Amino acid sequence: MLKLLHPDLYLESLFDIDPELLKKRGISALIFDLDNTLVARGENKAEPEVLEWLRDLRRHGFKLCIVSNNSRGKGGRLARILDLPGVFAATKPRRWAFRKALALLGTQASETAVVGDQVFTDVLGGNRMGLFTILVSSLGGPDFILTRLIVRRIERLILPWVTGRGRNSFSGIRRENRG
Ligand SMILES: [Mg+2]
C-alpha cells in the first residue's frame, strides 16, 4: 500500500518535465490532473505559459488528456480553454477514469504518465493503474476544503518520504525498474 504512494518522479514545477527523458522511458502520452496542476484551483483561465508548454509537448508528439475530480461543467470549461480532452468527476484514486483516459488516448498504461499535485489521488490512482507517476508541486490555489483540512496535512508528513529521504526535488528518473 505505502509503495503505491511513491511517485516515480517528483518535480518542483510542471515546466521541469523533460520530454526527451520521458520518451526515453517509453512514455508517449500524459494524463494531467487539472486543479492546482494545470490551473490554480478557483481560476477560470489558463496561464499563457501553461498553454505554450502544452503546445510544446504536442510538438514533441505526446498525446495529452485530463483526468479530474472536478465537475464536468467547471472542469470541462477549463479543458476547452486548455484544448484538451478529459474525463471529469473522476473519483481518483479509483481507476475507471484512468481506464477511460487510456481509451481516449489509445495508449497502454506502460507508455502513459500521470502528472498531478496530490499523492492520494493522482499518484495513488496512477500507481494502481500501472502508469508512470509524476508528482508536481501544487500551483497553490485554494484546495477543496477536505483536501486542505485532512489530505494536505498527511501529505506534508509523508512528502519527504515519498520524494526520497527529505530531498525536496530531484531531476531525472528515480526508479528505472518499477517493482
Ligand atoms: Mg490537483
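Residues numbered from 1 in each chain as written. Predicted model: local features only at pLDDT ≥ 70, side-chain atom pairs only at ≥ 80, totals over all residues. Heavy atoms only, no water.

Enquirer: Looking at this structure, I do not really get the sheet that holds strand β1 (residues 9–11). What am I missing?
Expert: Two modes of strand pairing occur in sheets, parallel and antiparallel, and in both the strands are linked by backbone hydrogen bonds. Taken together, the six strands give an open sheet; going across it, the order is β1-β6-β5-β2-β3-β4, and neighbouring strands pair in parallel fashion. Pairing within the sheet leaves two strands with one partner each, and these edge strands are β1 and β4 (86–87). In the sheet, β1 pairs with strand β6 (residues 132–136) via three bridges, with the strands oriented parallel. The residue bridging Tyr10 from the neighbouring strand is Leu135, located in β6. With respect to the sheet, helix α5 (residues 119–129) is in contact with β5 (112–116) and β6, its orientation differing from that of β6 by roughly 165 degrees. (Pairing = 2+ DSSP bridges. Helix = DSSP H or I, 4+ residues; strand = E, 2+ residues; numbered from the N terminus. Contact = heavy atoms within 4.5 Å. Axes fitted to C-alpha atoms, helices over the stretch in contact; angles between N-to-C directions.)

Enquirer: What is the right way to look at helix α4 (residues 96–105) in this model?
Expert: Since the α-helix advances by 3.6 residues per turn, residues separated by three or four positions end up pointing in the same direction. For α4, the full list of buried residues reads Ala97, Phe98, Ala101, Leu102 and Leu105. Along the long axis of α4, the arc covered by the buried residues comes to 145 degrees, so they all point the same way. The inward-facing, buried residues of α4 abut β2 (29–32), β3 (63–67), β4, β5 and α5. Phi turns positive, to about 70 degrees, at Gly106, one or two residues after α4. (Buried < 20%, exposed > 50% of the residue type's maximum accessible area, 1.4 Å probe, protein only. Arc of directions from axis to C-beta.)

Enquirer: Would you explain the pattern of salt bridges in this entry?
Expert: Where charged atoms from two side chains of opposite charge come close, those side chains can pair. The final tally for this structure, using the stated rule, is seven salt bridges. Here Glu20 ties to Lys23 by a salt bridge, and the two come within 3.9 Å at their closest N and O atoms. Pair noted here: Glu20 and Lys23 are both in helix α1 (residues 19–24), with a separation of three residues, about one helical turn. What makes Lys23 partly exposed here is its relative accessible area of 35%. Across the pair Glu43 and Lys45 runs a salt bridge, and its minimum N-O distance is 3.4 Å. For Glu43, a relative accessible area of 31% translates into the label partly exposed. Relative accessible area serves as the criterion here: at 45%, Lys45 is assigned to the partly exposed category. Salt bridges linked by common partners bring Glu52, Arg55, Asp56 and Arg59 together as one network. (Salt bridge = Lys/Arg side-chain N within 4 Å of Asp/Glu carboxyl O.)

In short, shape yes, function no, at least from these values alone.
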